[in-house]
Amino acid sequence: MKYVPKTYSLFMLILVIVLWGCKSDIDPEPQNTEQIDGKKTYQNLVVGYSQIGAESEWRTGNTASIKKAAESVGVELIFSDAQQKQENQIKAIRTFIAQQVDVIGVSPIVETGWESVFQEAKDAGIPIILVDRRADVPEDLYATYIGSDFVEEGRKAARVMAELLDGKGNIVELVGTVDSAPANDRYVGFREIMQNYPEVKIIASESADFTRAKGEEVMQGFLEQHGDQIDALYAHNDDSAIGAIRAIEEYGLKPGQDIIIVSIDAIRDAFQAMIDGKLNATIECNPLLGPTFFDVAFKVVNGEYVPKWIPSQESIYFPDDAAEILPTRKY
Ligand code: AHR
């Protein structure tokens, strides 16, 4: 047998490992087309997706991202719009189970009430991936959660608001959909920071269901009740803030000046509102989750490791940069 020096063998081993690592970094996802060792490819993957509805610009951006990514990787997507009803989402998941899809993506409208249907999916051997919103279920009932840290978004909004108010003032709050993860967490995160500002008071708080129409209606009520006492508005999403802006103008006050406004999402219309001087800051919540969702779905069905939470990267935007940034916004 030919003699191979030990250092040479070691060098070759390291080289193989390094080249292997580089390969998996470079390979773009859509190349997963060949069926190797019985593993699924994108082309023979069937994905059921239960979306909440179309309550906000954020949501329509999220739906577009899911559909576009499905098309670009070539999976079969069975998409179901629940029209804001949990019962429709539960029905859709049961239909996906009957259809024997490979994996189910779901954005749960509310946090509670999912345990039985997720258990049914588990019993059928179909993994659940939570997208955008968490559900209050044991960890073994879902593969992973892809989405934002909503508590941190609430904290960010509070820090910005406290600074804009110089540490004192009366705030009204437009809460998101009752019992939804973003509404619960943005409520908690905001208060966690505001407890350090004893001269800041949250004088009214009500759900606007993440919609413009409700944002306008609830803000009208706040104005009728508290009028000039209101120094600031914290809205759980930009759409409800935009509805509230209409109410504030109808009432004869100047949004962004007479009433400071901080909201969440960073949709294109929020940038326009900042350019128009009607919104003081928006905290980003990223809806462009489609590419990550299919990448993760592929890994999950093929038994690859995925972490239990894949967090989104998000920023904060202010009026000063709004005009420059608006043309680059994708939702
Ligand atoms: O779950 C994300 C939230 O849902 C967004 O902030 C809101 O706009 C949407 O409807």
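None of the values given here were measured: they were computed from a predicted structure.

## Examining the environment of glutamate 206
- The topology assignment puts glutamate 206 in strand 7 (residues 200–207).
- Beyond its immediate chain neighbours, meaning those up to four positions away, glutamate 206 contacts Glu173, Leu174, Val175, Val218 and Phe222.

## Overview of helix 4 (residues 115–123)
- Buried residues of helix 4: Val117, Phe118 and Ala121, and no others. Along helix 4, the residues classed as buried sweep out an arc of 100 degrees about the axis, all on the same side. Exposed side chains of helix 4 directed beyond 90 degrees from the buried face belong to Ser116 and Asp123.
- Contact partners of the buried residues in helix 4: helix 3 (86–98), strand 3 (103–106) and strand 4 (128–131).

## A short note on the site of the ligand
- Contacts to the ligand come from Glu55, Ser56, Trp58, Arg59, Asp132, Arg133, Phe150, Pro182, Arg186, Phe210, Asn237 and Asp265.
- A distance of 2.4 Å separates an oxygen atom of the ligand from a polar atom in the side chain of glutamate 55.
- Between an oxygen atom of the ligand and a side-chain N or O atom of arginine 133, the distance comes to 2.8 Å.
- Out of a free accessible area of 280 Å², the ligand has 100% covered by protein chains.
- Where the shell around the ligand is concerned, the elements lending two or more residues are helix 2 (57–73) and helix 6 (181–194).

## Some remarks on the pairing of strand 1 (residues 46–51)
- Strand 1 sits mainly inside the fold: five of its six residues count as buried.
- Relative to strand 2 (residues 76–81), strand 1 runs parallel, the two sharing six bridges. Each residue of the ladder has a partner; that of serine 50, found in strand 2, is serine 80.
- Considered for its hand, the β-α-β crossover made up of strand 1, helix 2 and strand 2 is right-handed.

## Section: the sheet that holds strand 7
- Reading across the sheet, the six strands line up as 7-6-8-9-10-12 and stay open at both edges, with mixed pairing between neighbours. Strands with a single pairing partner mark the edges of an open sheet, and in this sheet they are strand 7 and strand 12 (316–317).
- Inspection of the sheet shows strand 8 (residues 232–235) paired to strand 9 (residues 260–265) by four bridges, in the parallel sense. From the neighbouring strand, tyrosine 234 faces strand 9, where its bridge partner is valine 262.
- Taken strand by strand, helix 8 (residues 238–251) contacts strand 6 (169–175), strand 8, strand 9 and strand 10 (281–284), and its axis lies near 155 degrees from that of strand 9.

## Some remarks on the environment of aspartate 123
- Assignment of secondary structure puts aspartate 123 in helix 4.
- Expressed as a C-alpha distance, the spacing of aspartate 123 and leucine 141, which sit 18 residues apart in the sequence, is 9.8 Å.

## Focus on the environment of glycine 113
- By the secondary structure assignment, glycine 113 is in the loop between strand 3 and helix 4.
- For the pair glycine 113 and glutamate 87, spaced 26 residues apart in sequence, the C-alpha separation works out to 9.8 Å.
- If near-sequence neighbours (up to four positions away) are discounted, glycine 113 is found in contact with Gln86 and Ile90.

## Quick word on the packing of aromatic side chains
- Applying the stated rule across the entire model yields eight aromatic pairs.
- Aromatic side chains phenylalanine 190 and tyrosine 234 sit 3.8 Å apart centroid to centroid with 10 degrees between the ring planes, which places their arrangement in the stacked category. Highlighted residues: phenylalanine 190 in helix 6 and tyrosine 234 in strand 8, separated in sequence by 44 residues.
- For phenylalanine 190, a relative accessible area of 1% corresponds to the buried category.
- You can call tyrosine 234 buried: its relative accessible area is 0%.
- An aromatic cluster of at least three residues, connected via ring pairs, comprises Tyr49, Phe79, Phe293 and Phe294.
- Taking NZ or CZ as reference, arginine 134 lies 4.9 Å from the ring centre of tryptophan 309, over its face.
- Sitting over the face of the ring of tyrosine 142, lysine 308 holds its NZ or CZ atom 4.9 Å from the ring centroid.

## Observations regarding the nonpolar core
- Within the largest apolar cluster, 77 residues are counted, with the highest numbers of intra-cluster contacts made by Trp114, Phe118, Met161 and Met219.
- In this structure, tryptophan 114 is in contact with Gln86, Gln89, Ile90, Ile93, Pro108, Ile109, Ala135 and Val137, ignoring residues within four places of it in sequence.
- Counting residues in hydrophobic clusters, the runner-up holds 23 residues, among them Val73, Leu289, Val300 and Ile310.

## Quick look at the packing of helix 7 (residues 212–226) against helix 8
- The contact between helix 7 and helix 8 brings their axes to 7 Å, and the two run at 45 degrees. With respect to their mutual orientation, helix 7 and helix 8 come out oblique. With respect to the hand of their crossing, helix 7 and helix 8 are arranged in right-handed fashion. Of the residues in helix 8, those in contact with Arg212, Gly215, Glu216, Met219, Gln220 and Leu223 of helix 7 are Asp239, Ser240, Ile242, Gly243, Ala244, Arg246, Ala247, Ile248, Glu250 and Tyr251.
- Of the residues that constitute the contact of helix 7 with helix 8, the class distribution is seven nonpolar, four polar and five charged.

Conventions used here
- Residues numbered from 1 in each chain as written.
- Predicted model: local features only at pLDDT ≥ 70, side-chain atom pairs only at ≥ 80, totals over all residues.
- Heavy atoms only, no water.
- Helix = DSSP H or I, 4+ residues; strand = E, 2+ residues; numbered from the N terminus.
- Contact = heavy atoms within 4.5 Å.
- Buried < 20%, exposed > 50% of the residue type's maximum accessible area, 1.4 Å probe, protein only.
- Arc of directions from axis to C-beta.
- Near = heavy atom within 4 Å.
- Polar contact = N/O pair within 3.5 Å; in protein donor to acceptor, adjacent residues only side chain to side chain.
- Areas by Shrake-Rupley, 256 points an atom, 1.4 Å probe, with all protein chains shown as cover.
- Pairing = 2+ DSSP bridges.
- Right-handed = clockwise from strand over helix to strand, strands pointing away.
- Axes fitted to C-alpha atoms, helices over the stretch in contact; angles between N-to-C directions.
- Phe/Tyr/Trp six-rings, centres within 6.5 Å; stacked < 30°, edge-to-face > 60°.
- Lys NZ or Arg CZ within 6 Å of the ring centre and 35° of its normal.
- Core = buried A, V, L, I, M, F, W, Y, C linked by side-chain atoms within 4.5 Å.
- Parallel < 35°, antiparallel > 145°, perpendicular 65-115°, else oblique.
- Left-handed = near helix turned anticlockwise from the far one by under 90°.
- Nonpolar A, V, L, I, M, F, W, Y, C, P; charged D, E, K, R; others polar.

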